[in-house]
Amino acid sequence: MSDSVSIYPNTPTTDSAAKAADEQTLTAARKQKLEFNKLQKRLRRQVGTAIADFEMITEGDKVMVCLSGGKDSYGMLDVLLGLQKTAPIRFEIVAVNMDQKQPGFPEHVLPEYLEALGVEYHVVEKDTYSIVKELVPEGKTTCGLCSRLRRGTLYSFADEIGATKIALGHHRDDIIETLFLNMFYGGKLKAMPPKLLADNGRNVLIRPMAYCKEKDLAAFAEQRGFPIIPCNLCGSQENLQRQVIKEMLNTWEQSHPGRLETIFSAICNVAPSQLADRNLFDFMALTPGAAADKSTNTIQAIEV
């Protein structure tokens, strides 16, 4: 009897199929690692550039990193710790979380995470939750009052520990959204500056992630597996003005890719003489015999 012949001559054996599957898995893992490395380098480069552009951190600074438990602040702390190891200057990092006494807040998550990192940290306890719920009518946005109470507490604590800079986790998309929030709802042309002197005149606020995109930070948080803590006070509110703006911007970006990049570039390239703020530009001094000094946006007479 002749040897039998398989009717499926091109079907791989079980061993070869398993080997092919293993190779595909390995290739996918390598690709994922490569993409993560590129993402991490991009975020570190953008944060480093922002710090340099606005001189956010200088020799000997004690930087208080405000950690909320969200993806953005986790990413900021992670990147700053990485830069601290390679920076040409020495600076301290202190992580600070504010426990606002929201019901169900998992108090153990951040301390366990920060202890595992080996970074100095503090948890400031302040029951702003009760104050917000008492003063803000049901159904109204709580974010404004909550932010003011939180800022005041953090500013005071920064003084207590001798912090010279307060790092906030706002990113590029936050800055753009704030620009439109102020235009649409406040009648003002302002956003979030990367560096700001607080109203009390003592604290300098910095936003190291001013050049970073939210989608990059979301991807970074997922890859790093940060223990995210959702905000049940304001995060659950629907129809927030910021959410409306975010959806509008996302629609623009989908229809016209690169539009958000252009908007952020505009924030960084302001021409006061081309607006209409009389406190910002001396329109009264404009005469046929004068020229505008573009470097200072003031009016200078032409010498003949």
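Residues numbered from 1 in each chain as written. Predicted model: local features only at pLDDT ≥ 70, side-chain atom pairs only at ≥ 80, totals over all residues. Heavy atoms only, no water.

**A word on the sheet that holds strand β6 (residues 204-206)**
Then, number 1: The 6 strands are arranged β3-β2-β1-β4-β6-β5 in an open sheet whose pairing can be described as mixed. The open sheet terminates on both sides in strands that have one partner only, identified here as β3 (121-125) and β5 (195-197). Each strand axis lies, on average, 25° off the axis of its neighbour in the sheet, ignoring direction.
Then, number 2: Note that strand β1 (residues 62-66) and strand β4 (residues 165-167) share 3 bridges and pair parallel. From the neighbouring strand, Met64 faces β4, where its bridge partner is Ile166.
Then, number 3: Helix-sheet contacts for helix α3 (residues 109-117) involve β2 (92-99) and β3, and the interaxial angle to β3 is about 165°. (Pairing = 2+ DSSP bridges. Helix = DSSP H or I, 4+ residues; strand = E, 2+ residues; numbered from the N terminus. Axes fitted to C-alpha atoms, helices over the stretch in contact; angles between N-to-C directions. Contact = heavy atoms within 4.5 Å.)

**Some details on the confidence of the model for the protein**
Then, number 1: Within the protein, residue pLDDT values average 85, and 83% of them lie at 70 or more.
Then, number 2: In this model residues 4-8 is a low-confidence stretch, pLDDT under 50, and it forms 0 contacts with partners more than four residues away in sequence or in other chains.
Then, number 3: Here residues 235-239 is a poorly scored stretch, pLDDT under 50, and it has 5 contacts once near neighbours within four places are set aside; other chains count. (pLDDT = per-residue confidence, 0-100.)

**Some remarks on the packing of helix α6 (residues 172-186) against helix α8 (residues 241-255)**
Then, number 1: At their nearest, the axes of α6 and α8 sit 9 Å apart, and the two run at 115° to each other. On the basis of the axis angle, α6 is roughly perpendicular to α8. For the crossing formed where α6 meets α8, the hand is right-handed. Every residue of α8 that contacts α6 at Asp174, Ile176, Glu177, Thr178, Phe180, Leu181, Phe184 and Tyr185 is listed here: Gln241, Arg242, Val244, Ile245, Lys246, Met248, Leu249 and Trp252.
Then, number 2: A per-class count over the contact of α6 with α8 returns 10 nonpolar, 2 polar and 4 charged. (Parallel < 35°, antiparallel > 145°, perpendicular 65-115°, else oblique. Left-handed = near helix turned anticlockwise from the far one by under 90°. Nonpolar A, V, L, I, M, F, W, Y, C, P; charged D, E, K, R; others polar.)

**Considerations on the packing of aromatic side chains**
Then, number 1: Under the criterion given, the structure shown has 10 aromatic pairs.
Then, number 2: Aromatic side chains Tyr74 and Phe226 sit 5.2 Å apart centroid to centroid with 15° between the ring planes, which places their arrangement in the stacked category. Here the residue Tyr74 occupies a position in helix α2 (residues 71-86), and Phe226 occupies one in the loop between α7 (214-224) and α8, the gap between them amounting to 152 residues.
Then, number 3: With relative accessibility at 8%, the residue Phe226 sits in the buried group.
Then, number 4: Judged by centre distance (5.6 Å) and plane angle (80°), the ring pair of Phe180 and Trp252 falls under edge-to-face. Residue Phe180 is located in helix α6, and its partner Trp252 is located in helix α8; the two are separated by 72 residues in the primary sequence.
Then, number 5: In this structure Phe180 comes out as buried when scored by relative accessible area, which is 8%.
Then, number 6: For Trp252, a relative accessible area of 28% gives the class partly exposed.
Then, number 7: Among the aromatic residues, those joined into a cluster by ring pairs are Phe36, Tyr74, Tyr113, Phe220 and Phe226.
Then, number 8: For Arg259, the ring lying beneath its charged end belongs to Trp252, and the centroid distance is 5.4 Å. (Phe/Tyr/Trp six-rings, centres within 6.5 Å; stacked < 30°, edge-to-face > 60°. Buried < 20%, exposed > 50% of the residue type's maximum accessible area, 1.4 Å probe, protein only. Lys NZ or Arg CZ within 6 Å of the ring centre and 35° of its normal.)

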